[in-house]
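Tertiary structure, described
The residues making up each chain are set out below.
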Amino acid sequence: MLVAAVRRRAWWILLGVVLFAAAAFLPFVTTPFYVRVGQLVLLSSALGLAWTLLGGFAGYWSFGNSAFIGLGAFAAGIFEVELMKGQPWLGFALGLLLGAAISGLAASVVAWPILRLRGIYFAVAMLGISQVLAELNNNIDIFKGSMGLVLPRLSAFGLRPEALYFYLLLIATILITILAFAIQHSRIGAGLMAIREDEDTARMLGVPTERYKVTMFIASAALTGALGVIYAHSLGYITTSSVYRTEFSLNMIVYNLLGGIGTLIGPFLGSAIMVILTQVVLGRLLSIHMFVTGALLVLLVLVAPKGITGLVRALRQRWSAR
Amino acid sequence: MSEPILRLDHVTKRFRGLVATNDVSFEVPEGSICSLIGPNGAGKSTIFNLVTGYLPVSEGSIHFQGRRIEGTPTTDLARAGIARCFQIAKPFPELSVHDNVRIGALFGRDGARDIGAVTRDAMALAGLTERAQTPASELTVGYLRRLELARAIAARPILLLADEPCAGLNATETEDVIDILRDVRARGVTVLLVEHDMQAVMRVSDRIFVIDAGRKIAEGPPEAVANDPHVIAAYLGTDEE
Amino acid sequence: MLALQTIADGLVLGGLYALSAVGFSLIFGVMGVVNLSHGALVMVGAYLAWFFWHALGLDPLVTIPVVMLCLGAFGYVYQRGLIQLAVDRSSHVASMLVTFGVALMLRNTLVLVFSPDLRSITPSYSGHPLLLGGIVIDPVRLAALGASLVLLGALALILNRSRMGRVIRATAQQELAARLCGVNAHHVYGLTFAVAAAFAGAAGAILGIVLPFSPPDEGLWTMNAFVVVTLGGVGSPQGALLGGLLLGVMATGTSQLIGPAFPNAMMFAVLVAMLLIRPSGLLGNAFAGSR
Ligand SMILES: Nc1ncnc2c1ncn2[C@@H]1O[C@H](COP(=O)(O)OP(=O)(O)OP(=O)(O)O)[C@@H](O)[C@H]1O
Ligand SMILES: [Mg+2]
């Protein structure tokens with residue numbers, strides 16, 4: 001099944017490989033500012049992909065995935081600071097696993113009850129959970145959320161920090177893309193699609209809906225947690241408000257919506273456009289940043305409710321119909 | 001006689017005060033086409049909901065291939081070989097006909113090797129081959145019925161529950177659906193049918209169960225049921241559509 | 001005595017929560033739209049009242065009708081011009097994003113116009129605490145609670161007794177049926193939104209005399225509304241009152257018993273727990289029942 005899918009999309013995959021390879025040269029040809037923009041595009045794309053495993057494939061829109069960024073970041077951060085002094089890379093590697101594990105574990109604890117909720121209720125419950133975790137992180141002293149944590153510095157091959165994190169994020173993004181592709185084109189991917197379309201009917205057809213939803217929820221959380229660990233290191237110093245950001249949760253949705261929900265290029269398109277627009281084009285207009293983002297969001301839903309990919313598809317259909 | 005595919009024993013279903021299924025018992029023999037008939041609101045779809053595990057039974061027992069199945073999750077029953085077509089067609093609207101049917105083939109009863117072949121075969125049986133790439137949301141009622149059937153057939157069921165597959169169809173379309181059901185039976189699938197089109201029911205059924213207000217009021221081969229005074233009084237007499 | 005004081009403080013806060021949530025509840029109940037810009041409307045009300053007080057020296061309780069009128073007009077246009085379009089073009093979840101976008105725009109506008117600083121309104125009668133049987137009561141807070149209750153009562157009367165109220169309730173229950181009876185559903189939705197926004201504005205004006213505020217608070221007031229609705233149920237002033245008072249008492253209780261940092265955590269925990277245990281609200285007519 002997967003082999004057939006790979007063969008069918010050979011051209012797209014080739015394009016992806018070329019683009020990723022080209023991206024690897026970015027730190028050599030641009031200024032640190034653009035490398036940081038690149039970092040942000042990669043991070044947003046990867047977060048968007050992790051979100052879409054459940055949100056795009058199965059139609060369960062989480063409004064609280066930033067909780068997993070925060071959990072991953074602080075789990076790894078505390079672990080590395082307390083137990084891994086003097087071994088930054090080993091600490092980072094173990095921290096990555098720990099961040100993913102803790103996020104996945106947290107997801108598996110709430111998965112069963114919360115995935116019984118549908119639509120807006122699931123979205124809101126996730127928002128609530130992320131707020132609870134953020135408040136607890138901020139107000140319970142052992143988590144150091146309000147004081148903040150300084151993470152061990154990583155360095156390798158004499159790379160500048162922004163280049164180093166650019167590469168770490170590039171690797172993470174590539175891995176998540178491959179994983180998402182494999183899921184999308186396997187049996188579970190078809191099952192998730194059925195759940196998104198009509199969950200009751202899916203159940204009648206023998207799709208193990210509960211198992212699939214829980215699996216994807218945990219996978220999505222674990223990947224988001226791992227990305228949170230990388231993000232935390234790229235910041236160097238983390239507090240509750242820098243990693244438990246509701247804004248992240250919403251961005252994941254907005255980028256997917258803009259690109260085209262349920263697709264794999266969607267998050268890439270959406271992140272690239274929004275990040276470049278907000279960081280580069282509007283970078284100097286900080287005072288109306290939020291206004292423009294809001295206005296774009298409104299326009300987006302009204303003009304292209306199915307995202308850019310949906311718009312392209314509609315245009316192509318109109319074209320071929322003529 | 002061998003073990004029936006499906007057996008209901010004194011099954012009762014209550015919704016708060018309403019008794020939608022009242023002490024119903026019947027057996028569906030292997031390889032047959034049986035029909036459940038009865039006026040609107042008699043409780044036919046409810047029986048389907050109970051058999052597929054979509055709703056829990058209040059009392060009584062249901063056996064499928066000799067195994068008790070009340071309380072078994074819907075998903076597991078589907079995988080054990082119970083497929084269902086809904087009274088109100090429920091396609092996956094954004095997916096093409098082919099992808100709809102393929103999901104039936106991918107899941108459903110275990111053991112399919114070649115998903116592509118099973119999908120094509122089910123579409124061919126239901127006469128959907130030319131529409132394979134049409135999005136389900138653009139199908140007419142007639143084709144939606146076929147899609148429901150094709151998706152269920154692709155699941156390679158042992159027992160097919162078809163809830164009013166001819167509702168809203170004209171005479172030729174009804175004829176087509178009846179032919180499809182016969183083909184399905186010819187492949188060894190047992191069919192339990194709910195249908196209001198009496199002519200169709202009489203022609204296709206081996207055995208008919210008549211339900212009225214949740215109770216089974218008659219049972220037998222088509223001729224016997226058609227002449228049963230209870231049935232004429234309770235059903236045919238009052239439901240002159 | 002401490003317990004009584006906590007409850008008294010909680011009730012004052014609760015009245016405000018109730019008033020600030022009732023519009024949110026109405027919108028969700030009638031059209032199934034989750035209005036994430038509700039808190040922003042509350043803040044707009046607070047800033048309008050602040051402006052009248054600061055520039056013209058008018059007491060917020062006096063300017064409430066003006067604030068309500070302004071926001072009501074805004075609400076009607078907002079619904080007819082934007083929300084309805086979003087609902088028609090995509091889905092309810094997508095319409096939620098539209099309201100979020102508007103919240104960002106409003107917040108940004110408030111920052112630009114009024115600066116991001118903390119503001120507060122101090123009417124002439126503030127700062128003269130009354131002692132009532134050992135409980136300290138600030139007249140400002142008493143006035144706030146009184147105003148909240150009066151407004152909630154008025155809304156209940158409008159919904160239950162007036163023609164407009166009846167039409168709104170009928171449309172909430174059966175859009176199609178109401179349409180067949182000649183009701184212009186879109187106009188009714190616009191009216192509902194207008195009423196909801198007006199009451200959000202009133203809550204903002206009252207909020208201004210009780211608590212200091214700044215534009216980013218809008219997120220918190222939206223979340224408050226959510227919790228109130230999950231507690232009390234959707235669509236009715238009575239439900240909002242129950243939910244609001246409960247939330248108020250819980251919030252003051254938590255900060256007394258566990259620590260002043262925890263009311264928010266508690267509030268969100270209650271939100272999640274309620275969604276999981278009893279999504280229909282305590283009175284049994286909330287989320288699950290309404291759609
Ligand atoms: N989930 C439910 N909750 C409460 N009552 C129900 C439920 N499902 C069905 N009923 C009631 O049970 C009775 C039987 O309904 P059912 O749908 O089984 O009838 P039916 O025989 O399939 O009718 P039709 O020919 O119209 O499809 C009806 O009175 C119906 O209102
Ligand atoms: Mg029926």
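Residues numbered from 1 in each chain as written. Chains lettered and ligands numbered in written order. Predicted model: local features only at pLDDT ≥ 70, side-chain atom pairs only at ≥ 80, totals over all residues. Heavy atoms only, no water.

Across its full length, chain C carries twelve helices and two strands. Overall, chain C shows an N-to-C arrangement of helices and strands of α-α-α-α-β-β-α-α-α-α-α-α-α-α. Computed over the C-alpha atoms, the radius of gyration of chain C is 18 Å, within 12% of the 19 Å expected from 2.2 N^0.38 for a compact globule of 291 residues. For chain C, restricting intrachain contacts to residue pairs at least 6 apart in sequence, the fraction spanning at least 24 positions comes to 76%. Carbon and sulfur atoms form 69% of the exposed surface of chain C, whose accessible area is close to 11,300 Å². In chain C, 12 positive and 8 negative side-chain charges are present, and the distance between their average locations comes to 16 Å. (Helix = DSSP H or I, 4+ residues; strand = E, 2+ residues; numbered from the N terminus. Rg over C-alpha atoms; globule rule 2.2 N^0.38 Å. Contact = heavy atoms within 4.5 Å. Areas by Shrake-Rupley, 256 points an atom, 1.4 Å probe, with all protein chains shown as cover. Lys, Arg positive; Asp, Glu negative; His and termini not counted. Charge placed at Lys NZ, Arg CZ, Asp CG, Glu CD.)

The next point concerns the pattern of salt bridges. Pairing between side chains becomes possible if they bear opposite charge and their charged atoms approach one another. All names here are of chain A. Across all of its chains, the model carries 19 salt bridges over all chains by this definition. One salt bridge connects Arg203 with Asp200, and the closest N-O pair in it is separated by 3.1 Å. Of this pair, Arg203 and Asp200 are both found in helix α10 (residues 199-204), three residues apart, which corresponds to roughly one turn of the helix. Relative accessible area serves as the criterion here: at 23%, Arg203 is assigned to the partly exposed category. On the accessibility criterion, Asp200 (17% relative accessible area) is buried. Its salt-bridge partner being Glu247, residue Arg245 comes within 3.3 Å of it at the nearest N-O pair. Relative accessible area serves as the criterion here: at 44%, Glu247 is assigned to the partly exposed category. Overlapping salt bridges bring together Glu199, Glu210 and Lys213 as one network. (Salt bridge = Lys/Arg side-chain N within 4 Å of Asp/Glu carboxyl O. Buried < 20%, exposed > 50% of the residue type's maximum accessible area, 1.4 Å probe, protein only.)

Turning next to the coordination of the magnesium ion (ligand 2). Residue and element names in this part refer to chain B. The coordination sphere of the magnesium ion (ligand 2), as far as protein atoms go, consists of Ser45 (OG) and Gln87 (OE1), spread over 1.9 to 2.2 Å. Residue Ser45 is found in helix α1 (residues 44-51), and its partner Gln87 is found in the loop between β6 (82-85) and α3 (97-106); the two are separated by 42 residues along the sequence. Since its relative accessible area comes to 22%, Ser45 is described here as partly exposed. Looking at Gln87, the relative accessible area reads 31%, which means it is partly exposed. (Donors = N, O, S within 2.8 Å, 3.2 Å for Na, K, Ca; no water.)

The next point concerns the arrangement of the chains. Here two pairs of chains make contact, and the pair sharing the most contacts is chains A and C. If you take every C-alpha in chain B and every C-alpha in chain C, the smallest gap between them is 14 Å, and the two do not touch.

Residue and element names in this part refer to chain B. For strand β8 (residues 190-194), the buried fraction is high: five of the five residues fall into the buried class. Covered by surrounding structure in β8 are Thr190, Leu192 and Val194 together with Val191 and Leu193, the residues of both alternating faces. As defined by bridge partners, strand β3 (residues 33-37) adjoins β8 across four bridges and the pair is classed as parallel. Across the sheet, the residue bridging to Cys34 is Leu192, located in β8. Pairing between strand β7 (residues 159-163) and β8: five bridges, direction parallel. Within β8, the residue paired with Ala162 across the bridge is Leu193. You can see the chain leave β7, run along helix α6 (residues 171-186) and come back into β8, and the turn it takes is right-handed. (Pairing = 2+ DSSP bridges. Right-handed = clockwise from strand over helix to strand, strands pointing away.)

Residue and element names in this part refer to chain B. In this model, Gln65 sits at a positive phi of 50 degrees, which is unusual for a non-glycine residue. With respect to the element layout, Gln65 can be found in the loop between β4 (59-64) and β5 (67-68). Taking the relative accessible area as the measure of exposure, Gln65 reaches 44% and is therefore partly exposed.

Our focus in this paragraph is the state of the cysteines. Counted by the stated rule, this structure contains zero disulfides over all chains. Between Cys166(B), a free cysteine, and Cys85(B), which holds the nearest cysteine sulfur, the sulfur-to-sulfur gap is 11 Å. (Disulfide = S-S within 2.5 Å.)

Reports often express the size of an interface as the amount of accessible area lost when the parts come together. With 35 residues of chain A at the interface, the matching set in chain C holds 37 residues. Approximately 3,200 Å² of surface area, both sides summed, lies buried where chain A meets chain C, with 84% of it carried by carbon and sulfur atoms. Linking chain A with chain C are zero salt bridges, by the criterion used here. The interface formed by chain A and chain C includes three residue pairs in polar contact (both at pLDDT 80 or more). (Buried area = accessible area lost by both parts, 1.4 Å probe. Polar contact = N/O pair within 3.5 Å; in protein donor to acceptor, adjacent residues only side chain to side chain.)

Residues and elements named next belong to chain B. By nearness alone, 13 residues border ligand 1, and Gly41, Lys44, Ser45, Thr46 and Gln87 come closest of all. Within the backbone of Ala42, one N or O atom sits 3.2 Å away from an oxygen atom of ligand 1. A distance of 3.0 Å is found between an oxygen atom of ligand 1 and a side-chain nitrogen or oxygen belonging to His196. Look at ligand 1: alone it shows 630 Å² of surface, and the protein chains cover 63% of it. For the shell around ligand 1, the secondary structure elements donating two or more residues are β2 (18-28) and α1. Element by element, the count of residues in the shell around ligand 1 is highest for α1, at three residues. Classifying every residue of the shell around ligand 1 gives four nonpolar, seven polar and two charged. (Near = heavy atom within 4 Å. Nonpolar A, V, L, I, M, F, W, Y, C, P; charged D, E, K, R; others polar.)

Once that is clear, we can look at the interface of chain B and chain A. Every contact between the two is made by 20 residues of chain B and, on the other side, 21 residues of chain A. Of the roughly 2,000 Å² buried between chain B and chain A on both sides combined, carbon and sulfur atoms contribute 67%. For the chain B face of the interface with chain A, the top three residues by lost area are Thr75(B), Phe92(B) and Phe107(B), together amounting to 29%. At the boundary of chain B with chain A, the tally comes to zero salt bridges.

Glancing now at the packing of aromatic side chains. Throughout the structure, instances matching the rule amount to 20 aromatic pairs over all chains. Pairing Phe24(C) with Phe226(C) gives two aromatic rings, centres 5.0 Å apart and planes at 65 degrees, and the pair type is edge-to-face. You can see Phe24(C) sitting in helix α1 (residues 2-31) and its partner Phe226(C) sitting in helix α9 (residues 218-232), a full 202 residues away along the chain. When sorted by exposure, Phe24(C) lands in the same class as Phe226(C), which is buried. Through pairs of rings, three or more aromatic residues link up here, namely Tyr60(A), Phe68(A), Phe122(A) and Phe217(A). (Phe/Tyr/Trp six-rings, centres within 6.5 Å; stacked < 30°, edge-to-face > 60°.)

Before going further, it helps to examine the confidence of the model for chain A. Put simply, chain A has an average pLDDT of 88, and 99% of its residues get 70 or more. Taken element by element, chain A is modelled with least confidence in helix α1 (residues 2-8) of chain A, mean pLDDT 80, and with most confidence in helix α11 (residues 209-235) of chain A, mean pLDDT 95. (pLDDT = per-residue confidence, 0-100.)

Now for the environment of Asn65(A). All names here are of chain A. For Asn65, the position within the fold is in the loop between α4 (32-58) and α5 (66-83). On a C-alpha basis, the gap between Asn65 and Met126 in space is 7.5 Å, while along the polypeptide they are 61 residues apart. Leaving out residues up to four positions away in the same chain, Asn65 has contacts with Trp51, Met126, Ser220, Thr224, Ser249 and Met252. Polar contacts involving the side chain of Asn65 include one to the side chain of Ser62, which spans 2.9 Å.

All names here are of chain B. Ordered by their spatial adjacency, four strands build an open sheet running β2-β1-β4-β5, and the pairing between neighbours is antiparallel. Only two strands of the sheet have a single neighbouring strand rather than two, namely β2 and β5. Pairing between strand β1 (residues 6-15) and β4: five bridges, direction antiparallel. Bridge pairing in β4 links Leu6 to Phe64. Together, β1, β2 and β4 form the strand contacts of α1, whose direction differs from that of β1 by roughly 110 degrees. (Axes fitted to C-alpha atoms, helices over the stretch in contact; angles between N-to-C directions.)

Our next topic: the nonpolar core. Counting 230 residues, the largest nonpolar core has Ile114(A), Phe122(A), Leu192(A), Phe217(A), Ile103(B) and Leu160(B) as the members making the most contacts within it. Among the elements that line this core, the one with the most residues is helix α8 (residues 185-210) of chain C, at 16 residues. Residues contacting Ile114(A), with those up to four places away along its chain left out, are Phe122(A), Ala125(A), Met126(A), Ile129(A), Phe217(A) and Leu276(C). Residues Val11(B), Ile69(B), Ala80(B) and Ile158(B) belong to the second largest nonpolar core, which totals 27 residues. (Core = buried A, V, L, I, M, F, W, Y, C linked by side-chain atoms within 4.5 Å.)

As a further point, take the sheet that holds β3(B). All names here are of chain B. Taken in spatial order, the six strands make up an open sheet running β6-β7-β8-β3-β9-β10, and their pairing is mixed. Each edge of the open sheet carries a strand with a single partner, namely β6 and β10 (215-220). Taking the axes of each pair of neighbouring strands and ignoring which way they run, one obtains an average angle of 20 degrees across the sheet. On top of the sheet, helix α5 (residues 141-154) reaches β6 and β7; it is set at about 175 degrees to β6, its chief contact. Against the sheet, α6 contacts β3, β7 and β8, and its axis sits at roughly 150 degrees relative to β8.

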